[in-house]
Amino acid sequence: MGKSTTQEKLFNRYYRIFIFPMIFLLYYLLSYLVNPFSGYWEELWKQKWTDILIEGVIMMIFCALITEMSLIIARQLNKIMPWNEKPIARSFIQLLLQLVSVGLLLAFLYYTLFFIFGPPPKATKPPDKLDEWQFVFVCSMLAILISAVHTGHYFLQRWKTSMLEASELKLKAAEFKQIAMQAQLQSLKLQLDPHFMFNNFSALSALIMEDKDVALSFLENLAKVYRYMITNLNNDIITLAEEEKIIRAFAYLIKIRHGDNVVIDIDIPASIAGRGIPPITLQLLIENAIKHNMATAARPLLIKIYEDDSGRLIVSNRIQRIRHQIQSTKLGLENIRNRYRILSDQQPVIKEEDGMFIVVLPVLDI
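Since the model is a prediction, treat every value here as computed from it, not as a measurement.

**Q** Looking at this model, I keep getting lost on the overall build of the protein. Mind explaining?
**A** Secondary structure summary: the protein contains 11 helices and 7 strands in total. Of all 366 residues assigned to the protein, the portion counted as buried reaches 37%. In the protein, the proportion of contacts linking residues at least 24 apart, taken out of those at least 6 apart, comes to 75%. When the accessible surface of the protein is split by element, carbon and sulfur atoms take 64% of a total near 22,200 Å².

**Q** I keep staring at the pairing of strand 4 (residues 301-307) and nothing clicks. Help me out?
**A** The two faces of the sheet receive side chains in turn, since in a regular strand these alternate between them. As judged from the 6 bridges shared by strand 2 (residues 262-267) and strand 4, these two strands associate in the parallel manner. Of the residues in strand 4, the one forming a bridge with aspartate 265 is lysine 304. Across 5 bridges, the pairing between strand 4 and strand 5 (residues 313-318) is antiparallel. The partner of glutamate 307 across the bridge, within strand 5, is leucine 313. In this antiparallel pair of consecutive strands, strand 4 and strand 5, the connection spans 5 residues, and glycine 311 shows a positive phi of 80°.

**Q** I tried to follow the nonpolar core on my own but got confused; where do I start?
**A** Generally speaking, nonpolar side chains in soluble globular proteins are found buried as a group. Grouped together as the largest cluster of nonpolar side chains are 44 residues, with contacts concentrated most on Leu282, Ile286, Leu313 and Leu361. When residues in this core are grouped by element, the largest group, 8 residues, is from helix 8 (residues 240-258). The contact partners of leucine 313, leaving out residues within four places of it in the chain, are Leu240, Ile268, Ile272, Leu282, Ile305, Tyr306, Val359, Val360, Leu361 and Val363. Formed by 18 residues, the second largest nonpolar core is a distinct cluster that contains Ile23, Met59, Cys63 and Cys139.

**Q** Is there a simple way to think about the packing of aromatic side chains in this case?
**A** Each pair of aromatic rings is reported with the distance of its centres and the angle of its planes. Evaluated as defined, the whole model comprises 0 aromatic pairs. For the cation-ring pair, lysine 304 lies above tyrosine 306, with the distance from its terminal atom to the ring centre recorded as 5.6 Å.

**Q** Would you take a moment to explain helix 8 for this structure?
**A** An α-helical segment advances 3.6 residues per turn. Residues three or four places apart therefore align on the same side. For helix 8, with 19 residues, the first-to-last C-alpha span of 25 Å sits near the 27 Å given by 1.5 Å per residue. Listed as buried for helix 8 are Leu240, Glu243, Glu244, Ile246, Ile247, Ala249, Phe250, Leu253, Ile254 and Ile256. Following helix 8 by one or two positions, glycine 259 has its phi on the positive side, about 65°.

**Q** Is there a simple way to explain the sheet that holds strand 6 (residues 349-353) in this structure?
**A** Strand pairs in the sheet, formed through backbone hydrogen bonds, run parallel or antiparallel to each other. Strands sit in the order 2-4-5-7-6 across an open sheet of 5 strands; the sheet is mixed. Both outer strands of the open sheet, strand 2 and strand 6, are each paired with one neighbouring strand and no more. Each strand axis lies, on average, 15° off the axis of its neighbour in the sheet, ignoring direction. Contacts from helix 10 (residues 281-292) reach strand 2, strand 4, strand 5 and strand 7 (356-361) within the one sheet, and its direction differs from that of strand 4 by about 150°.

**Q** Looking at this model, I keep getting lost on the pattern of salt bridges. Mind explaining?
**A** Opposite charge on two side chains allows them to pair when their charged atoms are near. Within this structure, the stated rule accounts for 9 salt bridges. Notably, a salt bridge pairs glutamate 242 with lysine 245, separated by 3.6 Å at the nearest N-O pair. Residue glutamate 242 and its partner lysine 245 are located together in helix 8, separated by 3 residues, close to a single helical turn. Note on glutamate 242: relative accessible area 34%, which makes it partly exposed. Here arginine 337 ties to glutamate 334 by a salt bridge, and the two come within 3.4 Å at their closest N and O atoms. Of this pair, arginine 337 and glutamate 334 both sit in helix 11 (residues 332-343), 3 residues apart, which is roughly one turn of that helix.

**Q** Please clarify how unusual backbone geometry should be interpreted in this entry.
**A** Excluding glycine, a negative phi dihedral is what most residues carry, and trans is how most peptide bonds are arranged. The backbone phi angle of isoleucine 280 is positive, close to 70°, even though this residue is not glycine. Summarising the element assignment, isoleucine 280 is placed in the loop between strand 3 (276-277) and helix 10. Even without glycine at this site, aspartate 354 takes up a positive phi of about 55°. With respect to the helices, strands and loops of the structure, aspartate 354 is situated in the loop between strand 6 and strand 7.

**Q** Quick question: what am I supposed to make of the side chain of arginine 90 here?
**A** Within the fold, arginine 90 resides in helix 4 (residues 87-117). Discounting residues that sit within four places of it in the chain, arginine 90 has contacts with Ala74, Leu77, Asn78, Met81, Pro82 and Trp83.

**Q** Please explain the environment of phenylalanine 201 as it appears in this structure.
**A** For phenylalanine 201, the location among the structural elements is in helix 6 (residues 192-210). A relative accessible area of 41% means that phenylalanine 201 is categorised as partly exposed. Placed 21 residues apart in sequence, phenylalanine 201 and leucine 222 show a C-alpha to C-alpha distance of 9.1 Å.

**Q** What is the right way to read helix 10 from this model?
**A** Taking 1.5 Å of rise per residue, the 12 residues of helix 10 would be expected to cover 16 Å, and the 17 Å separating its terminal C-alpha atoms lies within 8% of that figure. For helix 10, the tally of buried residues reaches 11 of 12 residues, placing the bulk of the element in the interior. Buried within helix 10 are the following residues: Thr281, Leu282, Gln283, Leu284, Leu285, Ile286, Glu287, Asn288, Ala289, Ile290 and His292.

**Q** So what exactly am I meant to see when it comes to the packing of helix 8 against helix 10 here?
**A** The relative placement of two packed helices comes down to the angle between their axes together with the axis-to-axis distance. At a closest axis distance of 9 Å, the pairing of helix 8 and helix 10 adopts a crossing angle of 25°. On the basis of the axis angle, helix 8 is roughly parallel to helix 10. In this structure, helix 8 crosses over helix 10, and the sense of that crossing is right-handed. Contact residues: Glu243, Ile247, Phe250, Ile254, Arg257 and His258 in helix 8; Thr281, Leu282, Gln283, Ile286, Glu287 and Ile290 in helix 10. The residue inventory of the contact of helix 8 with helix 10, partitioned by class, reads 6 nonpolar, 3 polar and 3 charged.

**Q** What's the story with a nonpolar patch on the surface in this structure? I'm lost.
**A** On the surface, Trp49, Leu53, Val57, Ile61, Leu65 and Phe108 cluster together into a nonpolar patch covering about 640 Å² of accessible area. The greatest single-element share of the nonpolar patch, amounting to 5 residues, is contributed by helix 3 (residues 49-80). Relative to the helices and strands, tryptophan 49 resides in helix 3.

Parameters and conventions
- Residues numbered from 1 in each chain as written.
- Predicted model: local features only at pLDDT ≥ 70, side-chain atom pairs only at ≥ 80, totals over all residues.
- Heavy atoms only, no water.
- Helix = DSSP H or I, 4+ residues; strand = E, 2+ residues; numbered from the N terminus.
- Buried < 20%, exposed > 50% of the residue type's maximum accessible area, 1.4 Å probe, protein only.
- Contact = heavy atoms within 4.5 Å.
- Areas by Shrake-Rupley, 256 points an atom, 1.4 Å probe, with all protein chains shown as cover.
- Pairing = 2+ DSSP bridges.
- Core = buried A, V, L, I, M, F, W, Y, C linked by side-chain atoms within 4.5 Å.
- Phe/Tyr/Trp six-rings, centres within 6.5 Å; stacked < 30°, edge-to-face > 60°.
- Lys NZ or Arg CZ within 6 Å of the ring centre and 35° of its normal.
- Expected span 1.5 Å × (residues − 1).
- Axes fitted to C-alpha atoms, helices over the stretch in contact; angles between N-to-C directions.
- Salt bridge = Lys/Arg side-chain N within 4 Å of Asp/Glu carboxyl O.
- Parallel < 35°, antiparallel > 145°, perpendicular 65-115°, else oblique.
- Left-handed = near helix turned anticlockwise from the far one by under 90°.
- Nonpolar A, V, L, I, M, F, W, Y, C, P; charged D, E, K, R; others polar.
- Patch = residues over 30% accessible without salt bridge, like charges linked within 9 Å, V, L, I, M, F, W, Y side chains within 5 Å.

Spelled out as structure tokens, the structure:
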């Protein structure tokens, strides 16, 4: 409300500054354009400069009165019929009142001049009557112009307000989208805990019964890996160098769980070590490969992590499917897809090719 009032005050202030002289000049311009051959123009230049000055001052006062009357009408209509309620009806009513006000001002001007200078000579010739009607017509046109200025000002302000509101809505939508994405990302991160802990606590439970010393070592490394997960819970992307460190620690857990049946070959060159992927992505892919494939001494499962020619990270393993598959929770690969979808317009490529299960991971800028 305060902002709208301030804008209205500014409009009224500059409205007077520009409309006063504009209406004055337009009066003479329109009068000439309507009838450039009127005898009025010839008589005007025959007058003394003092008479011309007096006429100019009178017309300036008359134009000022038209302007002020338009402001009064606009203010009163703003109280009774604001623009935002019925803009079309407001335009017509304001135009009608503007014409009426000009008619009243013309009557006021006529009687004022009559009182000061006496009755004017009666127009008997058609050209003289035409000049009188021309004067009324030009004043009416000025009234329409002033009304158009008010209407144009309203629609300009409405357009600006609509643009600002649209921009604010887009900004808020983007903010809400970002909040929703962050919330979704946090939810996806929290899904990692049960997936990781289920697999490793199952192995730990078996180890406790078989070898307590190995179980203790396993638990220490499990705590180390889990600490890494907790530490990076608030990180959306982590460097490949950091991810490689934890994967090498994670490989110890795999070694205890599966012995030489699972071999993890990691070759991440320094050229991409400073770039990133979502945290625990490699861990999930290793777990996924072990879960869905046989790993025996005769046929060890080889999991390779390396860079391809395009600078993407490849995680691959030979397909050695388990005959009786355990029902999958589908958290692993779907989790990776969803996190990449939120963080980047680049998506992982998951494919089977020449007996190999291959996951192509885009590396992201940190």
